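# Fold and contact review
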Amino acid sequence: MVTALFGGTYLRDGLSLRDRQLVNLAALTAVGGVDPQLSGHVRTALRVGMTRQEIVEVFVHLAPYIGVPKALAGLRVAAAALTDAEQEAGR
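The following refers to the structure shown.

### Quick notes on helix α4 (residues 52-66)
Along its 15 residues, α4 runs 21 Å from first to last C-alpha, staying within 8% of the 21 Å computed at 1.5 Å per residue. Every buried residue of α4 is listed here: Ile55, Val58, Phe59, Leu62 and Ala63. An end-on view of α4 places all buried positions within 150° of arc, on one side of the element. Counted as exposed and oriented over 90 degrees from the buried face of α4: Gln53 and Pro64. The secondary structure elements touched by the buried residues of α4 are α2 (17-31), α3 (35-47) and α5 (68-89). Note on α4: the residue one or two positions beyond its end, glycine 67, has a positive phi of about 105°.

Below, the structure is given as structure tokens:
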């Protein structure tokens, strides 16, 4: 199912993988209640070259558009995912 839904989407021309991750972070945060998916996309954002600072900035930028509570909830998920990724990198 994942391959059918996302495989073709990620292979399309028009957006870089980094840009797609920006969109994913914003969309998942706006939807809310999808913490495991958001956490996974934070890790993917790191793998496609986004920095910790850029990822955090996504949530700051979203606050006036989706509301502070949703932006903060997304930021909490991202912070945990970033911490986990840093700990795994240090092993």
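### Focus: α2
Compared with the 21 Å implied by 1.5 Å per residue over 15 residues, the 21 Å span of α2 between its first and last C-alpha is a close match. Restricting attention to buried positions, one finds in α2 the residues Arg20, Gln21, Asn24, Leu25, Leu28 and Thr29. Looking straight down α2, one finds its buried side chains confined to an arc of 160°; they lie on one side.

### A short note on the side chain of glutamine 21
On the secondary structure map, glutamine 21 appears in helix α2. Looking at glutamine 21, the relative accessible area reads 1%, which means it is buried. Looking at glutamine 21, its side chain comes within polar contact range of the side chain of asparagine 24, at 3.1 Å.

### Brief notes about the nonpolar core
Counting residues in hydrophobic clusters, the biggest one holds 15 residues, and the most contacted among them are Leu25, Leu38, Val42, Met50, Ile55, Val58 and Phe59. Elements with a minimum of two residues in this core: α2, α3, α4 and α5.

### Description of the side chain of arginine 20
Looking at where arginine 20 falls in the secondary structure, it is placed in helix α2. Of the side chains bearing the opposite charge, aspartate 13 lies closest to the buried arginine 20, which forms no salt bridge; the N-O distance is 6.9 Å. Each residue touching arginine 20, except ones within four places of it in the same chain, is listed here: Thr9, Tyr10, Arg12, Asp13 and Leu15.

### Quick look at the packing of α2 against α3
Where α2 contacts α3, the two axes come as close as 10 Å, and the packing angle between them is 160°. As summarised for this structure, α2 and α3 are arranged roughly antiparallel, according to the angle between their axes. Here the hand of the crossing between α2 and α3 comes out left-handed. Mapping the contact onto sequence places Gln21, Asn24, Leu25, Leu28 and Thr29 in α2 and Gln37, Leu38, His41, Val42, Thr44 and Ala45 in α3.

Here is what the cut-offs are and how they apply
Residues numbered from 1 in each chain as written. Predicted model: local features only at pLDDT ≥ 70, side-chain atom pairs only at ≥ 80, totals over all residues. Heavy atoms only, no water. Helix = DSSP H or I, 4+ residues; strand = E, 2+ residues; numbered from the N terminus. Expected span 1.5 Å × (residues − 1). Buried < 20%, exposed > 50% of the residue type's maximum accessible area, 1.4 Å probe, protein only. Arc of directions from axis to C-beta. Contact = heavy atoms within 4.5 Å. Polar contact = N/O pair within 3.5 Å; in protein donor to acceptor, adjacent residues only side chain to side chain. Core = buried A, V, L, I, M, F, W, Y, C linked by side-chain atoms within 4.5 Å. Lys, Arg positive; Asp, Glu negative; His and termini not counted. Salt bridge = Lys/Arg side-chain N within 4 Å of Asp/Glu carboxyl O. Axes fitted to C-alpha atoms, helices over the stretch in contact; angles between N-to-C directions. Parallel < 35°, antiparallel > 145°, perpendicular 65-115°, else oblique. Left-handed = near helix turned anticlockwise from the far one by under 90°.

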